[in-house]
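One-letter residues, chain by chain:
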Amino acid sequence: MALQKRFDDAMKGGAFGPHNSVEMNHLAQELAETKETHALIRIWDKLKDGGCSNDDPATRVAINKLHSRGKGKIPTGTLKVAAVPNELNPARRLHKICKGAVLSERSESAREHLDAACRVVEALRAEKHGGGAPYPGGKLEGRQKFELVAVLKRELGVTKNVARGIVTKLKQTRRGKDLLFR
């Protein structure tokens, strides 16, 4: 069956069950391989709206491969896709999907090191700041953030990406904010 017809049929169907999510994932993979970004985004949204939060790893690989073409080199595609008001450019939306997955993964890996990171920051407060806030004023950015990432990386034995995720987690949690800013 032609790709346009399969896409149209998938979009016409209402809610779909788990048996259909396999077919939708296969369609998403095929759309990514044929560089039909706009249609892929619509199928992705339909998958997520259908409650398919555990997308197929092969679908994720196909999406990342399309995204890896680089800025300005991701084609919209040739399939006819109905317009939606206030819709992002398909390449931009694809970038947001991929970035969200990376940040989510980083956040999950940082979560397991959060208690140890709090102990490191407490020691940093006592050692270098006399028990006071290392970053008064509620801001941690630029060079200060880079230095804290380096300290956490060294003290916890984690990668730079995980350390960056830990800093973000510290800035998001009440305990972390108290340690860093108060």
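Further up the page is the structure itself.
If you're wondering where the values come from, they're calculated on a predicted model, not measured in any experiment.

## Observations concerning a positive patch on the surface
At step 1: Among the surface-exposed residues, K35, K65, R69 and K73 lie close enough to one another that they form a single positively charged patch.
At step 2: Of note, K65 is situated in helix α4 (residues 57–67).
At step 3: What makes K65 exposed here is its relative accessible area of 64%.

## Notes on helix α9 (residues 174–181)
Residues three or four positions apart in an α-helix share a direction because the helix packs 3.6 residues into each turn.
At step 1: What α9 keeps buried is the set G176, L179, L180 and F181. Projection of α9 onto a plane perpendicular to its axis shows the buried side chains occupying an angular sector of 165°, all on one side.
At step 2: Of the surrounding secondary structure, the elements contacted by the buried residues of α9 are α6 (114–128), α7 (142–156) and α8 (160–172).

## As for the environment of P136
At step 1: Considering the arrangement of structural elements, one finds P136 in the loop between α6 and α7.
At step 2: Along the primary structure P136 and L180 are separated by 44 residues, whereas in three dimensions their C-alpha atoms are 7.5 Å apart.
At step 3: Not counting residues up to four positions away in its chain, the partners in contact with P136 are L180 and F181.

Calculation criteria
- Position labels on residues start from 1 in each chain and follow its written sequence.
- Given that the model is predicted, a residue must reach a pLDDT of at least 70 before its local features are reported, and side-chain atom pairs must reach 80 or more before they are shown or counted; all residues, however, enter totals for whole chains, interfaces and linings.
- Side-chain numbers come from the whole structure's heavy atoms, not from hydrogens or water.
- Residues forming no salt bridge and having over 30% relative accessible area are the ones grouped into patches, like charges within 9 Å of each other and nonpolar side chains (Val, Leu, Ile, Met, Phe, Trp, Tyr) within 5 Å.
- Surface accessibility follows the Shrake-Rupley procedure with a 1.4 Å probe radius. Residue values consider only the protein chains on display as shielding.
- Only one rule defines a salt bridge in this text: a Lys or Arg side-chain nitrogen within 4 Å of an Asp or Glu carboxyl oxygen.
- When charges are counted, neither His nor the chain ends are considered; positive counts come from Lys and Arg and negative counts from Asp and Glu.
- By convention, charge coordinates are those of NZ in Lys, CZ in Arg, CG in Asp, or CD in Glu.
- Think of it this way: any DSSP run of H or I at least four residues long counts as a helix, any run of E at least two long counts as a strand, and we number them from the N terminus.
- When accessible area is computed with a 1.4 Å probe and restricted to protein chains, residues below 20% of their type maximum are described as buried, those above 50% as exposed, and intermediate ones as partly exposed.
- By arc we mean the arc of the directions from the helix axis to the C-beta atoms, nothing more.
- Whether two residues touch is decided by their heavy atoms; if any such pair falls within 4.5 Å, the residues are in contact.

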